[in-house]
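Spelled out, the chains give:
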Amino acid sequence: MTARIIDFLNSRRPEGPCLVVDLDVVRENYLTFAHALPDTRVFYAVKANPAPEVLALLASLGSNFDCASVAEIDMALAAGATPDRISFGNTIKKERDVAAAFARGIDLYAVDCEAEVDKVARAAPGTRVFCRILCDGAGAEWPLSRKFGCEPQMAVGVLEHAHRQGLRAYGVSFHVGSQQANTEAWDGALASAAGIFHTLAERGIQLSMVNLGGGFPTRYLKEIPGVENYASSIDSALKRHFGNRIPETIIEPGRGMVGNAGIIKTEVVLISKKSDSADDLRWVYLDIGKFGGLAETMDESIRYPIRTAHDHDEKTACVLAGPTCDSADVLYEKTPYHLPVSLSIGDEVLIEGTGAYTTTYSAVAFNGFKPLESFVI
Ligand SMILES: *Cc1c(COP(=O)(O)O)cnc(C)c1O
């Protein structure tokens, strides 16, 4: 909750649901990462919130950018980043998109199999590639599963293949899962990375970089460890596995950079029950739901802090749902959300910690609802 956002909402009184992002918080988050990990370059994961103001601020602070598409690369360039500060970090790229990135001067690409290496070798010859390895995502509230990365054993072959294709086998990457609560989660992947460095060195290929990915959490309902705790755990894991030959490192924070910088303002459209029984749960319907930007409530994974003007009153368990005519548009039902008994139709509700993974997840016009409006202040 920031005073600047509250002042903005009180003075501007925007109509309809909207996200307000406070750039002061983004600046503070960037500086916290930069200070906690002084030898590590920050590549902001653009997909978390690609608002031009956010990208321009981060570019001015010296951030680099992890992009998943040519459109994101163009946004980072437009924000003032030079091509040497941009990576094409998606392991699933069309060859013509690799060519488009190469034409823009991008020199750093993610791969996780030989077929992807072949695309980069053809469309972006001579560039640097890093191979993503699988990570189980244990401890993360939003794990990233098996879709990206390969077994460490296979990564050796992928990077060797890249070397033979005239690319620079540059390093190894992984992602420990988003909203990672365990500060030690990097240890196992760093052990694997060190193994890959070692095996390739024996075959005459010197890797340079470990990409530590994202996963740094933002504060929702539960207390989270500070960035300094993650930094010191990563630092000791690097020393443990790489000894005195610490590689170049980068991090790709998304959620941890912008999550706590945003608040969504929404309003109660309806409060009802499904039967006359007194102990039946209340259903509270907001003017935003899964299709309006709160997609991360899928499987009730992310539980946002919710503020109302009645929070000092008695609370009761409620099912919280969105406004659209799709039955999937329910935010919290398996674990109901406790909201004030005095909450009524028309009341404003603030959803905190919504600076990441909201605007870009909102549908264009499902049921005629506008995409989530965003103000960056
Ligand atoms: C989404 C993504 C990130 C950001 O992850 P957070 O958990 O939001 O920090 C970082 N790297 C890659 C490759 C990603 O796809």
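Chains are numbered independently. Their residues run from 1 in the order of the written sequence. Side-chain atom pairs in this predicted model are given and counted only at pLDDT of 80 or more, local residue features only at pLDDT of at least 70, and totals for whole chains, interfaces and linings cover all residues. Side-chain measures were taken over the full set of non-hydrogen atoms in the model, leaving aside hydrogen atoms and water.

Under an unreviewed UniProt entry, the name given to the protein chain is ornithine decarboxylase, and the organism recorded is Kaistia defluvii. UniProt positions are given in the numbering used here, feature names are shortened, and annotations may be inferred rather than shown by experiment. According to its UniProt record, the protein chain has this under Sequence similarities (unreviewed entry): "Belongs to the Orn/Lys/Arg decarboxylase class-II family." On record in UniProt, under Cofactor (unreviewed entry), the comment for the protein chain is "pyridoxal 5'-phosphate".

A. Layout of the overall build of the protein chain. Secondary structure assignment for the protein chain yields 10 helices and 18 strands. Overall, the C-alpha framework of the protein chain stretches about 75 × 40 × 35 Å when taken along its three principal axes. A burial count over the protein chain gives 55% of its 377 residues as buried. Residue contacts are defined here by distance: any two heavy atoms, one from each residue, within 4.5 Å place the two residues in contact. Long-range contacts, defined as pairs at least 24 residues apart, comprise 70% of the intrachain contacts of the protein chain with a sequence gap of at least 6. For every accessible area listed, the method is Shrake-Rupley and the probe measures 1.4 Å; residues are considered covered only by the protein chains on display. Carbon and sulfur atoms form 52% of the exposed surface of the protein chain, whose accessible area is close to 15900 Å². The average position of the 36 basic charges and that of the 48 acidic charges among the side chains of the protein chain differ by 4 Å. By the criteria applied, helices consist of DSSP H or I runs no shorter than four residues and strands consist of E runs no shorter than two, each listed in order from the N terminus. To sort residues, take the accessible area from a 1.4 Å probe on protein chains only and compare it with the maximum for the residue type: under 20% means buried, over 50% means exposed, and anything in between is partly exposed. Positive charge is attributed to Lys and Arg, negative charge to Asp and Glu, and no charge count is given to His or to the chain ends. To locate a charge, take NZ of a lysine, CZ of an arginine, CG of an aspartate or CD of a glutamate.

B. Region of interest: the site of the ligand. In the neighbourhood of the ligand, 13 residues make up the surrounding shell, with Lys47, Ser178, Glu252, Arg255 and Tyr357 lying closest. Here a polar contact is taken to be a pair of N or O atoms separated by no more than 3.5 Å, where protein atoms must pair a possible hydrogen donor with a possible acceptor and residues adjacent in sequence count only if both atoms sit in side chains. At a separation of 3.0 Å, an oxygen atom of the ligand approaches a polar backbone atom of Gly215. Within the side chain of Tyr357, one N or O atom sits 2.6 Å away from an oxygen atom of the ligand. Contact with the protein chains hides 90% of the accessible area of the ligand, taken as 390 Å² for the molecule alone. Along the lines of polarity and charge, the residues of the shell around the ligand split into three nonpolar, five polar and five charged. Being near a molecule or strand, for a residue, comes down to having at least one heavy atom within 4 Å of it. Note that Gly is not counted as nonpolar here; it falls among the polar residues with everything else outside the nonpolar set of Ala, Val, Leu, Ile, Met, Phe, Trp, Tyr, Cys and Pro and the charged set of Asp, Glu, Lys and Arg.

C. Examining the packing of helix H2 (residues 23-36) against helix H9 (residues 227-242) more closely. Where H2 meets H9, the axes come as close as 9 Å, and the angle between the chain directions of the two elements is 25°. Here H9 runs roughly parallel to H2, going by the angle between their axes. Crossing handedness for the pair H2 and H9: right-handed. Two secondary-structure elements touch here, H2 through Thr32, Phe33 and Ala36 and H9 through Val227, Glu228 and Ala231. For the contact of H2 with H9, the class distribution of residues is four nonpolar, one polar and one charged. The axes are straight lines fitted to the C-alpha atoms, using for helices just the contacting stretch, and the angles between their N-to-C directions are given from 0 to 180°. The cut-offs work like this: below 35 degrees is roughly parallel, past 145 is roughly antiparallel, 65 to 115 is roughly perpendicular, and the gaps in between are oblique. Note on convention: near helix rotated counterclockwise from far helix by under a right angle means a left-handed crossing. Clockwise means right-handed.

D. Focus on the packing of aromatic side chains. In summary, the pairing rule links any two rings of Phe, Tyr or Trp, Trp by its six-membered ring, whose centres are within 6.5 Å, and it sorts them by plane angle into stacked for under 30 degrees, edge-to-face for over 60 and tilted for everything else. Applying the stated rule across the entire model yields 12 aromatic pairs. Considering the side-chain rings of Phe33 and Phe216, the 5.3 Å spacing of their centres and the 70° angle between planes classify their relative orientation as edge-to-face. Taken together, the positions of Phe33 in helix H2 and Phe216 in the loop between strand S10 (209-211) and H9 put the pair 183 residues apart, joining distant regions of the chain. The exposure classification of Phe33 matches that of Phe216, with both residues buried. Each ring, one from Trp186 and one from Phe216, has its centre 5.2 Å from the other, and the planes form 25°; the classification is stacked. Taken together, the residues Trp186 in helix H8 (residues 186-202) and Phe216 in the loop between S10 and H9 connect sequence positions 30 residues apart. Here the two residues Trp186 and Phe216 agree in accessibility, since each one is buried. Taken together, the ring pairs connect Phe33, Trp186, Phe216 and Tyr230 into an aromatic cluster. Remark: a charge is flagged as sitting over a ring if the NZ atom of Lys or the CZ atom of Arg is within 6 Å of the ring centre and within 35 degrees of the ring normal. The aromatic ring of Phe88 is capped on one face by Lys93, whose charged end is 5.8 Å from the ring centroid.

E. Fine view of unusual backbone geometry. Residues other than glycine seldom take positive phi values, yet Arg13 does so here, at roughly 40°. Of note in the backbone geometry, Glu300 takes a positive phi value of approximately 55° without being a glycine. Residue placement: Glu300 occurs in the loop between strand S13 (282-286) and strand S14 (306-308). By relative accessible area, Glu300 is classed as buried at 15%.

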